[in-house]
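What the coordinates show
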Amino acid sequence: MQKQCPECGNKIIGRIDKKFCSDACRNAYNNRINKDSKNLIRNTNNRLRKNYRILEELNPNGKSKTSRARLIEKGFDFNYITSIYTTKAGTIYYFVYDQGYLPLENEYYALVKRND
């Protein structure tokens, strides 16, 4: 029985466990199969990277304060964070890697940098 390449349909010649006729077909097949999940991951990582850059820019000295409007104006997306830290007193900090923010009153935020 002749095996066919799942990408192009050509005959597979070579080892008995070979699945594709060439590296190009193997790569094309795997790229096509993984495209959707890779796009989701790439888009999420891009959002996290942008949020990180915004927090880093607005917090150059490791501790500062800014408004919600300023964060949004810069393109910050509050839906993308990497972790949440709750203090013993119940204060909740939201982090994008080591850059974090704490919601304050009147739509202001304390910006912090975690020093681990």
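A brief look at the structure comes next. Everything quoted here is computed from the prediction, not taken from an experiment.

What counts as what
- Sequence order as written defines residue numbering, which begins from 1 separately in each chain.
- Totals for whole chains, interfaces and linings use every residue, but because this is a predicted model, local features are given only for residues with pLDDT of at least 70 and side-chain atom pairs only at 80 or more, for both listing and counting.
- Heavy atoms throughout the structure, all of them, feed into the side-chain values; hydrogens and water do not.
- Going along the chain from the N terminus, every DSSP run of H or I of four or more residues is numbered as a helix, and every run of E of two or more is numbered as a strand.
- Note that the radius of gyration is over C-alpha atoms, with the globule rule given as 2.2 Å times the number of residues to the power 0.38.
- Using a 1.4 Å probe on the protein chains alone, a residue whose accessible area is under 20% of its type maximum counts as buried, one over 50% counts as exposed, and one in between counts as partly exposed.
- Here, two residues are considered to be in contact whenever any of their heavy atoms come within 4.5 Å of each other.
- With residues, only the protein chains shown are counted as cover, and all accessible areas are computed by Shrake-Rupley using a 1.4 Å probe.
- In summary, the charge assignment counts Lys and Arg as positive and Asp and Glu as negative, without counting His or the chain termini.
- Here the site of a charge means NZ on Lys, CZ on Arg, CG on Asp, or CD on Glu.
- Strand pairing is defined by DSSP finding a minimum of two bridges between the two strands.
- Inter-axis angles, ranging from 0 to 180 degrees, are taken between N-to-C directions of lines fitted to C-alpha atoms, where helices are fitted over the stretch in contact.
- Put simply, buried Ala, Val, Leu, Ile, Met, Phe, Trp, Tyr and Cys residues joined by side-chain atoms within 4.5 Å make one nonpolar core.

**Here's the deal with the overall build of the protein chain**
Looking only at helices and strands, one finds two helices and five strands in the protein chain. Ordered by position from N to C terminus, the α and β elements of the protein chain give α-β-α-β-β-β-β. Scaling as 2.2 N^0.38, a compact globule of 116 residues should have a C-alpha radius of gyration of about 13 Å, whereas the protein chain reaches 24 Å, well beyond that. Going through the 116 residues of the protein chain one by one, you find that 22% of them count as buried. In the protein chain, the share of contacts with a sequence separation of at least 24, taken over all contacts with a separation of at least 6, comes to 37%. Total accessible area on the protein chain is roughly 8,500 Å²; 48% of this is exposed by carbon and sulfur atoms. Computed over 22 positive and 12 negative side-chain charges, the inter-centroid distance for the protein chain is 7 Å.

**Re the pairing of strand S3 (residues 92-96)**
Looking at chain direction, strand S2 (residues 83-86) and S3 are connected through four bridges and run antiparallel. Pairing of tyrosine 85 across the sheet is with tyrosine 93, part of S3. Once S2 ends, the chain turns through five residues before running back antiparallel as S3, passing glycine 90 with a positive phi of about 95°. Here S3 runs beside strand S4 (residues 99-103); their pairing, made up of three bridges, is antiparallel. What sits directly across from tyrosine 94, in S4, is tyrosine 101.

**Comments concerning the sheet that holds S3**
Judged by pairing direction, the sheet is antiparallel, and its five strands sit side by side in the order S1-S5-S4-S3-S2 without closing on themselves. This sheet does not close on itself; its edge strands, each paired only once, are strand S1 (63-67) and S2. Across this sheet, the average inter-strand angle for adjacent strands is 30°, counted without regard to direction.

**What about the nonpolar core?**
Note that soluble globular proteins tend to have their nonpolar side chains buried in a common cluster. In this structure, Leu48, Tyr52, Ile54, Leu55, Leu58, Leu71, Phe76, Val96, Tyr101, Tyr109 and Leu111 together form the largest nonpolar core, which totals 11 residues. Those elements that provide at least two residues to this core are helix H1 (23-58) and strand S5 (108-113). For this core, the element with the highest residue contribution is H1, accounting for five residues. Among residues more than four places away in sequence, those in contact with valine 96 are Leu48, Asn51, Tyr52, Leu55, Tyr80, Ile81 and Thr82.

**A word on the side chain of glutamine 99**
Note that glutamine 99 resides in strand S4. For glutamine 99, the residues in contact, after removing those within four places along its chain, are Tyr52, Leu55, Glu56, Asn59, Tyr94, Val112 and Lys113.

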